[in-house]
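Inside the fold
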Amino acid sequence: MKLATYFKLRGDDVVFYKGDLKEFVIRQITDECVEKLNQLDSSIQWRLRADKIAQYIKYRKQVDLERIGLSDSKHYAPLLYPCVEYYKKFFHSKEYIRHPRWDWVGVTTLFTFYWDITIETIEFAKLMVKDTNNLMVGGVLASIQPEQIEKATGIKPHCGTLHTKAVDGKGGDIDPDNPYVIDELPLDYSILDEIDYVYPDGGSYYSYSTRGCIRHCPFCAVPTLEPQYQEYLPLKERISRTARYYGEQQDLLLMDNNVLASPKLPEIIEDIKSCGFTKGAKFIEPNQYEIAIRNLRHGVNDRAYVRKCYYLLCELNGMRSLNEEVRTRIYSIREKHGLLHPETCTKQAIEETYKDFAPFFERKHAKQKGRLRYVDFNQGVDARLFTEERVKLLSEIPIRPLRIAFDDVKTEKAYVKALKMSVNHGMRNFSNYLLYNFKDKPEDLYHRLRINVDLCEELDVDIYSFPMKYHPINGEHSHDRDYIGEHWNRKYIRAVQAILNATKGKIGRGMSFFERAFGRTEEEYMEMLLMPETFIIFRFFFEEIGYTARWRGAMYELSDSEREELYPLIFKNDFNNIEELTDNKKFRKILTFYKDYRKDIADHKSELFKMKQEYEAKHKTEIQ
């Protein structure tokens, strides 16, 4: 978003894309094909057939060609077939590689375990840019492992943030004469409307009030990504500019890595309040249609705002507050001007119908009652830096939730103190990330989760915990997700993941909920980690039909020496060939419980499927 702002300041056209670049190329070629078909026969809306054209270009199947309906053209069909064939061949002969169209391509890399797809993407991007010197690779993986990226692709990536502007025509990021600190530029929110993907925190201001961190935790990438701690980045101008161009956003999401380390915390809090984020402040959503129309007229981002207007008009047609007659009239106007489909929606048609639709959006905007605004330090705050003065400052803004890091059981005392201090200053909603699979033991995760649940009960507050599995950022297993911590094993990792799948990745308030998910005691939790995975996923079903009790009974019969021999087999979490794991018949009987019962549960002919149906019918009746 900062790069989009930078290039537009230079006068460039910028396109944002998220996904497979090959699909992006197919889309471009399809657009050109559609344009050519329109030139040959404009009586047919070829844009509405773009998906079928793309399908044929991609797969070359005769049935896909027939679905396009080129023969619907009464006079020009003989010309249309060669046209489509040309673009199909253009793609499959990779002619687009010989004629690259892009002056500059930027690839954002994410986590190190996305190595394979990242390298594949960079290699494809090299084919799209006119000069590979103008292929810029940056982001997390590129900053952590630049040498490996360069060795694999030949592209020297940019490390860290874009924080250097030119001095006397030298040293600027991207361009030697770049006069901007790109990292401090306002964000271009319009590019988010160019894609179908909806970001989870959409509707927020994204920003930083500090950069970097004073800590150097061995599991963390921040010292590499942001090596220099910047104690204060003024917010007000960037937030104000966003509001002017793209409208007010409801919430403020700050991605600072350690804001409490800043001696400028009082100024940061004042900045936040001056941006409209005071306690009790309410958000009135701006008229999104008016913003889109204005930005279309100013040529801010036609691709984005044509799409946005189309979706806003779809919402308008679905408004239940409008009677059937009005909705029918809206539909008719959209149909007349080609606004029923995103493929036929044009800037000209949107501008021509502005007066028809504007009053409805004005009335919708006027009816709003307002929603509370919140601030979220998304990366968490450092419990070890809590003081009464700092917490008082935090309490002056509407933080929800306050995320307090609890990555190590050794910080328990500081964490509990920080949370209680926050409660004393009126904060009620908390969240934290709990690192596991690093130097910790499995029991440590249970202990930290239990602390949060107990504090919820004791203090009458809400705390949501998000266990986060550690992955190394360098060395072996940094390119995959197979790393196992020194006190963990594959079975325990899978068990935790199975539990978290059931809880949707978070653990909130509620003692009974927690104890059902993780066990009433540490002993029950450790037993659960050892339990067959399907018994965890379908916990109550397998308990009711007696399978869990049979497994538990077989495990209790083992002697200490037998456990020492069997457990390593279970810890490997590979039960595909039980006969090859051991000759011990007693062990084999226990290991049969570890088969994947999900196939049997899904098989309509199996006994387990019938038992599951009966179980569900019984408990549905009990609930009713």
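Look above for the structure.
The following refers to the structure shown. Throughout this document, residue positions are counted from 1 along each chain, in the order its sequence is written. With the structure being a predicted model, the display of local features is reserved for residues of pLDDT at least 70 and the display and counting of side-chain atom pairs for 80 or more, all residues being used for whole-chain, interface and lining totals. Values shown for side chains rest on all heavy atoms present in the structure; no hydrogens or waters enter the calculation.

1. Overview of the nonpolar core
By nonpolar core we mean a set of buried residues, namely Ala, Val, Leu, Ile, Met, Phe, Trp, Tyr and Cys, connected to one another through side-chain atoms within 4.5 Å. For every residue, the accessible area (1.4 Å probe, protein chains only) is compared with the maximum for its type, and the residue is labelled buried under 20%, exposed over 50%, or partly exposed between those bounds. Within the largest apolar cluster, 129 residues are counted, with the highest numbers of intra-cluster contacts made by Ile272, Tyr289, Phe377, Tyr415, Phe518 and Tyr594. A contact between two residues is defined here by any heavy atoms of the two lying within 4.5 Å. Excluding anything up to four places from it in sequence, Phe518 contacts Tyr446, Leu449, Ile499, Leu500, Ile507, Glu524, Tyr525 and Met528. Among the nonpolar cores identified, the runner-up in size contains 40 residues, and Val34, Ile57, Val105 and Phe124 belong to it.

2. Brief notes about helix H15 (residues 324-336)
What counts as a helix is a DSSP run of H or I of at least four residues, what counts as a strand is a run of E of at least two, and both are numbered from the N terminus. Helix span is expected to be 1.5 Å times the residue number reduced by one. The end-to-end C-alpha distance of H15, which contains 13 residues, comes to 18 Å, matching closely the 18 Å that a straight helix rising 1.5 Å per residue would cover. Buried positions along H15 lie against helix H14 (302-317) and helix H17 (354-366). For this analysis, a polar contact is any N or O atom pair within 3.5 Å, provided that within protein one partner can donate a hydrogen and the other can accept it, and provided that sequence-adjacent residues contribute only side-chain to side-chain pairs. Capping of H15 at its N-terminal end is provided by Asn323; its side-chain oxygen lies 3.1 Å from the backbone amide nitrogen of Glu325. Once H15 finishes, Gly338 follows within two positions and takes phi at roughly 70 degrees, a positive value.

3. A word on helix H2 (residues 21-40)
Over its 20 residues, H2 runs 29 Å from end to end, which matches the ideal 28 Å to within 8%, given 1.5 Å per residue. For H2, every residue scored as buried is listed here: Leu21, Phe24, Val25, Ile26, Ile29, Thr30, Cys33, Val34 and Leu37. If you follow the buried residues of H2, they end up packed against helix H3 (50-59), helix H5 (77-92), helix H6 (95-98) and helix H7 (115-126). The N-capping residue of H2, defined by a side-chain oxygen 2.9 Å from the backbone nitrogen of Lys22, is Asp20.

4. Description of the pairing of strand E10 (residues 462-469)
Only one face of E10 is covered, namely the face carrying Ile463, Ser465, Pro467 and Lys469; the face carrying Asp462, Tyr464, Phe466 and Met468 is uncovered. In this analysis, strands are considered paired if DSSP registers two or more bridges between them. Where strand E9 (residues 429-436) lies against E10, 8 bridges are found, and the strand directions are parallel. Paired with Phe430 across the bridge in E10 is Ile463. When the strands point away from the viewer, a crossover counts as right-handed if the route from the first strand across the helix to the second turns clockwise. Between the parallel elements E9 and E10, the chain passes through helix H20 (residues 442-459) in a crossover that is right-handed.

5. Some points on the sheet that holds strand E8 (residues 402-403)
If you trace the 3 strands from one edge of the open sheet to the other, you get E8-E9-E10, paired in parallel fashion. With one partner strand each, in any of the chains shown, E8 and E10 form the two edges of the open sheet. Axis lines are fitted through C-alpha atoms, for helices just across the contact stretch, and the angle between N-to-C directions can take any value from 0 to 180 degrees. Here helix H21 (residues 490-502) sits on the sheet in contact with E9 and E10, set at roughly 160 degrees to E9.

6. Let's talk about the side chain of Thr344
Counting through the fold element by element, Thr344 comes out in the loop between H15 and helix H16 (347-352). Setting aside residues up to four positions removed in sequence, Thr344 forms contacts with Gln45, Arg47, Leu48 and Gly338.

7. Re the packing of helix H19 (residues 412-424) against H20
Two elements in contact, H19 and H20, have axes separated by 12 Å at closest approach and are oriented at 25 degrees. Relative to H20, the element H19 lies roughly parallel. The chirality of how H19 crosses H20 is right-handed. Here H19 contributes Glu412, Tyr415, Val416, Leu419, Lys420 and Val423 to the contact with H20, which in turn contributes His447, Ile451, Asn452, Leu455, Glu458 and Leu459. Throughout, the term roughly parallel applies to angles under 35 degrees, roughly antiparallel to angles over 145, roughly perpendicular to angles from 65 to 115, and oblique to all others. Here is the rule for handedness: rotate from the far helix to the near one, and if that takes an anticlockwise turn smaller than a right angle the crossing is left-handed, while a clockwise turn gives right-handed.

8. Some points on the packing of H7 against helix H9 (residues 146-153)
Axes are the key here: two packed helices are described by the angle between their axes and the distance separating the axes. With their axes 10 Å apart at the nearest point, H7 and H9 run at an angle of 50 degrees to one another. Taken together, the axes of H7 and H9 lie oblique to each other. The chirality of how H7 crosses H9 is right-handed. Two secondary-structure elements touch here, H7 through Trp115, Ile119, Ile122, Glu123 and Lys126 and H9 through Gln148, Ile149, Ala152 and Thr153. In the scheme used here, Gly and all other residues not listed as nonpolar or charged are polar, with Ala, Val, Leu, Ile, Met, Phe, Trp, Tyr, Cys and Pro taken as nonpolar and Asp, Glu, Lys and Arg as charged. Classifying every residue of the contact of H7 with H9 gives 5 nonpolar, 2 polar and 2 charged.

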